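Here is how the chains run, residue by residue.
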Amino acid sequence: MWPIFKREVKNYMKNPLFWLGIAAGVWMIFQNVSPYLSIHYLAERESIVNNYPETVHEGDVYEGYVPTDERLRRKMWEERIWEILISEFGMDRVKVQSLMDEMKEMDIMEACAYMNEYGFYDAYYEYKITAYYKGTREEINSYIAKKLEHRTFSYYFSRKFADFAGLYMGFFATVLLSALFVQDTRKNTYELLHTKPVRAGTYLSGKVGGGLAVCLIILAVFNLTFFGLCRISAGSRGFEVHLTDFLLSTCLYILPNILMIVSVYSLISLIFKSPLPAVPLLFLYIVYSNMGSYRNAEGIYGYYGRPLAIMMRFPGSFFDTAPPPMALLNQSFLLLASICILFLSTQIWKRRRVY
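Numbering of residues starts from 1 in each chain and follows the order in which that chain's sequence is written. With the structure being a predicted model, the display of local features is reserved for residues of pLDDT at least 70 and the display and counting of side-chain atom pairs for 80 or more, all residues being used for whole-chain, interface and lining totals. Side-chain measures here rest on the full set of heavy atoms in the structure, leaving out hydrogens and waters.

1. Brief notes about the overall build of the chain
No. 1: Secondary structure elements follow DSSP: runs of H or I of four or more residues count as helices, runs of E of two or more count as strands, with numbering from the N terminus. Counting secondary structure elements, the chain contains 14 helices and 5 strands.
No. 2: Dimensions of the chain, computed from C-alpha atoms along their principal axes, come out at roughly 90 × 50 × 30 Å.
No. 3: For the chain, the residues scored as buried account for 47% of the 355 residues in total.
No. 4: Nonlocal contacts in the chain, meaning residues at least 24 apart in sequence, comprise 75% of its contacts between residues at least 6 apart.
No. 5: Carbon and sulfur atoms provide 61% of the accessible area of the chain, an area that totals close to 18,600 Å².
No. 6: Here the chain carries 36 positive and 32 negative side-chain charges, and the mean point of each set is 21 Å from the other. Type-normalised accessible area, obtained with a 1.4 Å probe on protein chains alone, sets the label of each residue: buried when under 20%, exposed when over 50%, and partly exposed for intermediate values. Throughout, a contact is declared for two residues whenever any of their heavy atoms are within 4.5 Å. Method for areas: the Shrake-Rupley scheme with a 1.4 Å probe, in which residue coverage is limited to the protein chains shown. In this tally, Asp and Glu contribute negative charge and Lys and Arg positive charge; neither His nor the terminal groups of the chain are included. Here the site of a charge means atom NZ of a Lys, CZ of an Arg, CG of an Asp or CD of a Glu.

Here you go:
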């Protein structure tokens, strides 16, 4: 096992494209997470200026937006409905007031459905774009303080890091690990391997372990790099930053996905005697994992996660990130599925053994 393991790791470490891929990954992840490093408490008379609308469907605190509480959100929505019914639908004020009075006791979904009866089909859209509004200095600082009262800054940042690092690692590992079984599945080498006294478990452990170790090296570079950036930027502003938050997010939301990719490569390589058929299959798997869908009673489109997905996304604003429903259960199933695939790969190797 160890000779195979060390050979695979050394082969990758000596390849300049491996280090180029790491550099490209650091740059791509930085492009996505760098705005969050600018989050800070606003000093007296300091404000965040942008040319965006006053209210938006999705905004973030570094842009100057804070979530709208339900009472204020309903008030904003009613004011907007009032304005549109008069200016665009030509209703008189008495009629509009009557409709508003009728909707007072309705929840937002009932009220939007009620508006549909009058041909106002964008009522729910008008509600969606009031989710965040431009806050004052006091509101922004209060929002940040409330979110950091029980959680560290790195708790939130590490999730955003896991989002984009996991996305990059999915594609990078698919390309990188395609070479893991290439040499061993060449006709002469493959036949020779099956005549040698090498156990199936020993062989696969070395190959899979080598592939995982290479990915762990990449993730270690990513973790240390962005922990350092977070420590320098957020730590200098008085925010609490811990390396353990990064490591935990990586272990929970990225490593099971990488293990699944390595497992698929091992199975496909032994079935087809080539790892290349696994490449398009894994890219389709990534697309499937990264797709949004329509869920819940309102039929709202969003990212809710998919069964056995190898992408764990954390959409939404910085302080409101949350893993998809059943995320940890899905990651557990990924580990179980990976073990089953590796066991199946072992059986295929044994069947082709020549004694």
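On we go.
2. Quick notes on helix α14 (residues 327-351)
No. 1: One less than the residue count of a helix, multiplied by 1.5 Å, gives the span that helix is expected to have. In a regular helix each residue adds 1.5 Å, so 25 residues correspond to 36 Å; α14 covers 36 Å between its end C-alpha atoms and thus fits that length.
No. 2: Of all the positions in α14, only Ala327, Asn330, Gln331, Leu334, Ala337, Ser338, Ile341, Ser345, Thr346, Ile348 and Trp349 are classed as buried.

3. A few points about the nonpolar core
No. 1: What we call a nonpolar core is a set of buried Ala, Val, Leu, Ile, Met, Phe, Trp, Tyr and Cys residues that are connected through their side-chain atoms within 4.5 Å. Of all hydrophobic cores here, the largest spans 80 residues; its most connected members are Phe153, Phe157, Ile218, Phe222 and Phe319.
No. 2: Excluding residues that lie within four positions of it along the chain, Phe153 makes contacts with Tyr36, Ile39, Leu148, Cys230, Ala234, Phe239, Glu240 and Phe318.

4. Some thoughts on the packing of aromatic side chains
No. 1: We call Phe, Tyr and Trp rings a pair once their centres come within 6.5 Å, taking the six-membered ring for Trp, and we label the pair stacked below 30 degrees between planes, edge-to-face above 60, and tilted otherwise. Enumeration according to the criterion identifies 25 aromatic pairs in this entry.
No. 2: An angle of 35 degrees between the planes, with centres 6.1 Å apart, marks the rings of Tyr124 and Tyr127 as tilted. Linking Tyr124 with Tyr127, this pair stays in helix α6 (residues 123-128), spanning 3 residues, or about one helical turn.
No. 3: Relative accessible area serves as the criterion here: at 7%, Tyr127 is assigned to the buried category.
No. 4: Judged by centre distance (5.2 Å) and plane angle (85 degrees), the rings of Tyr155 and Tyr156 are edge-to-face. Tyr156 carries the same exposure label as Tyr155, and that label is buried.
No. 5: Look at NZ for Lys and CZ for Arg. If either is within 6 Å of the ring centre and within 35 degrees of the ring normal, a charge sits over the ring. Its guanidinium or amino end placed over the ring of Tyr127, Arg73 lies 4.0 Å from that ring's centre, counting from NZ or CZ.
No. 6: Positioned over the ring face of Tyr155 is Arg151, at 4.3 Å from the centre of the ring.

5. So, the sheet that holds strand β2 (residues 65-67)
No. 1: When DSSP finds two or more bridges between a pair of strands, those strands are recorded as paired. Taken together, the 3 strands give an open sheet; going across it, the order is β1-β3-β2, and neighbouring strands pair in antiparallel fashion. In the strand order of this sheet, the two ends are held by β1 (55-56) and β2, each with one partner.
No. 2: Pairing of β2 with strand β3 (residues 132-134), which is carried by 3 bridges, proceeds in the antiparallel orientation. Bridge pairing in β3 places Val66 opposite Tyr133.
No. 3: As a rule, the C-alpha atoms of each element are fitted with a line to give its axis, helices using only the stretch in contact, and angles between N-to-C directions run from 0 to 180 degrees. Its contacts with the sheet put helix α7 (residues 137-147) on β2 and β3, and the angle it makes with β2 is roughly 60 degrees.

6. Topic: the environment of Phe18
No. 1: By secondary structure assignment, the location of Phe18 is in helix α2 (residues 16-33).
No. 2: A residue is classified by how much of its surface remains accessible, and Phe18, at 1% relative accessible area, is buried.
No. 3: Residues in contact with Phe18, not counting those within four places in the same chain, are Tyr12, Met13, Phe172, Leu176, Val214, Ile217 and Ile218.

7. Topic: helix α11 (residues 243-253)
No. 1: Those residues of α11 lying buried are Asp245, Phe246, Ser249, Thr250 and Tyr253. Down the axis of α11, the sector holding all buried residues measures 130 degrees, keeping them to one side. The exposed set on the far side of α11, more than 90 degrees from its buried face, consists of Thr244 and Leu248. Summarising the geometry, the arc corresponds to the directions from the helix axis toward the C-beta atoms.

8. A look at unusual backbone geometry
No. 1: Even without being a glycine, Arg45 presents a positive backbone phi close to 70 degrees.
No. 2: Checked against the element boundaries, Arg45 lands in the loop between α2 and β1.
No. 3: Residue Arg45 is classed as exposed on the basis of its relative accessible area, which comes to 82%.

9. Quick notes on the side chain of Ser338
No. 1: Residue placement: Ser338 occurs in helix α14.
No. 2: Residues in contact with Ser338, not counting those within four places in the same chain, are Pro256, Leu259, Met260 and Ser263.

10. Digging into the confidence of the model for the chain
No. 1: Of the residues in the chain, 90% reach a pLDDT of 70 or more, and the chain-wide mean stands at 87.
No. 2: Confidence scores labelled pLDDT are given residue by residue by the predictor and lie between 0 and 100. Across the chain, the secondary-structure element scoring lowest on mean pLDDT is helix α9 (residues 187-193), at 52, and the one scoring highest is α11, at 96.

11. Overview of the state of the cysteines
The term disulfide refers to a covalent linkage connecting the sulfur atoms of a pair of cysteines.
No. 1: Cysteine sulfur atoms that pair up within 2.5 Å are treated as a disulfide. With the rule as written, the count across this model stands at 0 disulfides.
No. 2: The thiol of Cys230 is not disulfide-bonded; the next cysteine sulfur, from Cys251, is found 18 Å away.
No. 3: In this structure Cys230 comes out as buried when scored by relative accessible area, which is 0%.

12. Structural notes on the environment of Leu247
No. 1: Relative to the helices and strands, Leu247 is located in helix α11.
No. 2: Given the relative accessible area of 40%, Leu247 is considered partly exposed.
No. 3: Residues Leu247 and Leu224, 23 residues apart in the sequence, show an inter-C-alpha distance of 9.5 Å.

13. Considerations on the packing of helix α3 (residues 70-87) against helix α4 (residues 93-103)
No. 1: Look at α3 against α4: their axes get within 10 Å of each other, and the N-to-C directions meet at 150 degrees. By the angle between their directions, the pair α3 and α4 is classed as roughly antiparallel. Handedness of the crossing formed by α3 with α4: right-handed. Counted together, Arg74, Trp77, Glu78, Ile81, Trp82, Leu85 and Ile86 of α3 and Arg93, Val96, Gln97, Leu99, Met100 and Met103 of α4 form the full contact between these two elements.
No. 2: Residues are grouped as follows: Ala, Val, Leu, Ile, Met, Phe, Trp, Tyr, Cys and Pro are nonpolar; Asp, Glu, Lys and Arg are charged; all remaining types, including Gly, are polar. The residue makeup of the contact of α3 with α4, split by class, is 9 nonpolar, 1 polar and 3 charged. Should an angle fall under 35 degrees it is called roughly parallel, over 145 degrees roughly antiparallel, and 65 to 115 degrees roughly perpendicular, with every other angle called oblique. Less than a right angle of anticlockwise turn of the near helix away from the far helix marks a crossing as left-handed, whereas a clockwise turn marks it as right-handed.

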